[in-house]
Amino acid sequence: MTVTRPARLTGAALCGALVLVTTVWVLKDLAALGSPADLAWYWAGDLFFLARGRAATSLLDPVLLVASAAAAVAALRSRHAASALAATGAVTGALRLPGLWAPGGGALVTALLELALAAGLVLVAAVGRRPADVPYEPLPGRPRTGPAVAAGILLAVAAVTTAGWELYRFAELPLEVTVDRFTGGRSVVKAALAPPPGWLSAVLVALCATAAVSALARARHSRAFGLLAGALLAADGLAGTAVTVRYGMLAHLADLPAAHRAAVLTSVLGLLVGAAVLALLAGRGAPAPAPGPYPPAGALPPPPPHPRPPGW
């Protein structure tokens with residue numbers, strides 16, 4: 001199956017609109033905080049910059065911006081961009097859904113707009129496909145067995161680790177705080193466009209689990225979902241690792257409480273796992289099997305055998 005040219009152009013336009021919306025918010029936050037470095041530390045979760053003021057964007061926004069731009073390029077260059085469009089639309093929609101009950105008017109309007117664009121991407125990927133023009137048109141290659149299996153195992157580890165942290169917080173935090181982590185209640189301090197932390201963890205677990213199963217099965221769509229999961233893991237791990245290095249926590253890791261020590265190690269693990277998944281799935285996939293010989297169009301059927309059998 002390939003994607004029609006009108007569908008590809010529509011998908012690229014929708015991705016471009018997502019990039020434009022995110023860029024406007026990033027530029028607005030950049031003007032408010034004063035410098036790219038300050039905004040980057042805010043995205044990383046540095047408590048000093050969080051105390052200075054609140055930005056609308058979070059670490060997810062630059063990741064989704066890059067993912068949308070990559071999906072737009074894929075739609076313009078390849079007839080097999082359905083998985084890239086579907087993955088970008090599904091993940092963007094899942095992460096922006098909590099914005100529907102956000103208190104700020106700008107965040108609500110942005111959530112509605114991006115949800116509509118994300119739904120459009122999924123719809124274009126679903127209805128814009130068509131059978132190949134000719135029976136021997138090449139199919140998109142599957143990921144190679146070794147890298148796909150390795151990426152699937154790493155993604156499964158990331159899904160289990162993220163789910164384990166949420167279970168730990170459920171056991172340690174009061175019930176109302178746990179509910180706020182999924183609904184964005186008063187006890188949660190976050191950027192206006194960011195999803196609640198518990199909701200983000202649930203989406204990340206679902207994405208990593210889906211990508212892991214797809215990679216282990218060497219499905220053709222595993223690369224799009226796996227690369228997006230790897231990008232989110234690497235970005236989150238990089239942010240957490242940068243903050244720990246900035247405040248010298250890595251140098252005094254043995255002196256930290258057990259929970260803090262585990263959180264630091266989880267950030268480093270997330271960075272390494274995300275980078276490894278990106279490296280494993282970004283390479284060229286296995287070549288598609290060579291098609292068998294086909295008669296040219298308009299060729300006559302083979303002549304009857306000689307001598308002709310009875311009743312020919």
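Just so you know, these numbers come straight off a predicted model, no measurement behind them.

To continue, consider the overall build of the protein. Counting its secondary structure elements, the protein contains eleven helices and two strands. Beginning at the N terminus, the succession of helices and strands in the protein can be written as β-α-α-α-α-α-α-β-α-α-α-α-α. Across the 312 residues that make up the protein, the buried fraction comes to 39%. By element, 71% of the accessible surface of the protein is carried by carbon and sulfur atoms, the whole surface being about 16500 Å².

The next thing to look at is the packing of aromatic side chains. Across all of its chains, the model carries two aromatic pairs by this definition. Arranged with centres 5.9 Å apart and planes meeting at 75°, the rings of W101 and W199 form a pair that is edge-to-face. With W101 in the loop between helix 5 (82-96) and helix 6 (105-127) and W199 in helix 9 (residues 197-216), this residue pair connects regions lying 98 residues apart in the sequence. The class of W101 is partly exposed, set by a relative accessible area of 44%. By relative accessible area, W199 is classed as partly exposed at 21%.

Right, let's talk about the side chain of T88 for a bit. With respect to the element layout, T88 can be found in helix 5. At 2.9 Å, the side chain of T88 forms a polar contact with the backbone oxygen of A84. With residues up to four places along the chain from it excluded, the contact list for T88 reads A67, S68, A71, L121 and L228.

Attention shifts here to the nonpolar core. Within the largest apolar cluster, 27 residues are counted, with the highest numbers of intra-cluster contacts made by V91, L155, L207, C208, L232 and L233. Looking at this core, the elements that each hand over two or more residues are helix 4 (60-77), helix 5, helix 7 (145-172), helix 9, helix 10 (222-246) and helix 11 (258-282). Counting residues per element, this core draws most heavily on helix 10, which supplies seven residues. With residues near it in sequence (within four places) discarded, L233 still touches L155, A158, L204, C208, G270, L271, V273 and G274. Of all hydrophobic cores here, the second largest spans 16 residues; its members include V3, L18, A72 and A125.

Rules of the game
- Per chain, the residues get numbers from 1 upward, laid out in the order the sequence is written.
- It should be noted that, the model being predicted, local features are given only for residues of pLDDT at least 70 and side-chain atom pairs only at 80 or more, the latter also being counted only at that level, while totals for whole chains, interfaces and linings use all residues.
- Each side-chain value is derived from all of the structure's non-hydrogen atoms; neither hydrogens nor water enter the calculation.
- Working definition: helices are DSSP H or I runs of at least four residues, strands are E runs of at least two. Numbering for both runs from the N terminus.
- Whether a residue is buried, partly exposed or exposed follows from its accessible area with a 1.4 Å probe, protein chains only, as a fraction of its type maximum: under 20%, in between, or over 50%, in that order.
- Using a 1.4 Å probe, the Shrake-Rupley method yields the accessible areas, and only the shown protein chains count as cover for residues.
- The criterion for an aromatic pair is that two Phe, Tyr or Trp rings (for Trp, the six-membered ring) have centres within 6.5 Å, with stacked assigned to planes under 30 degrees apart, edge-to-face to planes over 60 apart and tilted to the rest.
- Side-chain atoms alone can form a polar contact between residues adjacent in sequence; in general such a contact is a pair of N or O atoms within 3.5 Å, and within protein one must be able to donate a hydrogen while the other accepts it.
- Note on contacts: a residue pair is in contact if any heavy atoms of the two residues lie within 4.5 Å.
- Among buried residues, those of type Ala, Val, Leu, Ile, Met, Phe, Trp, Tyr and Cys that are joined through side-chain atoms within 4.5 Å constitute a nonpolar core.

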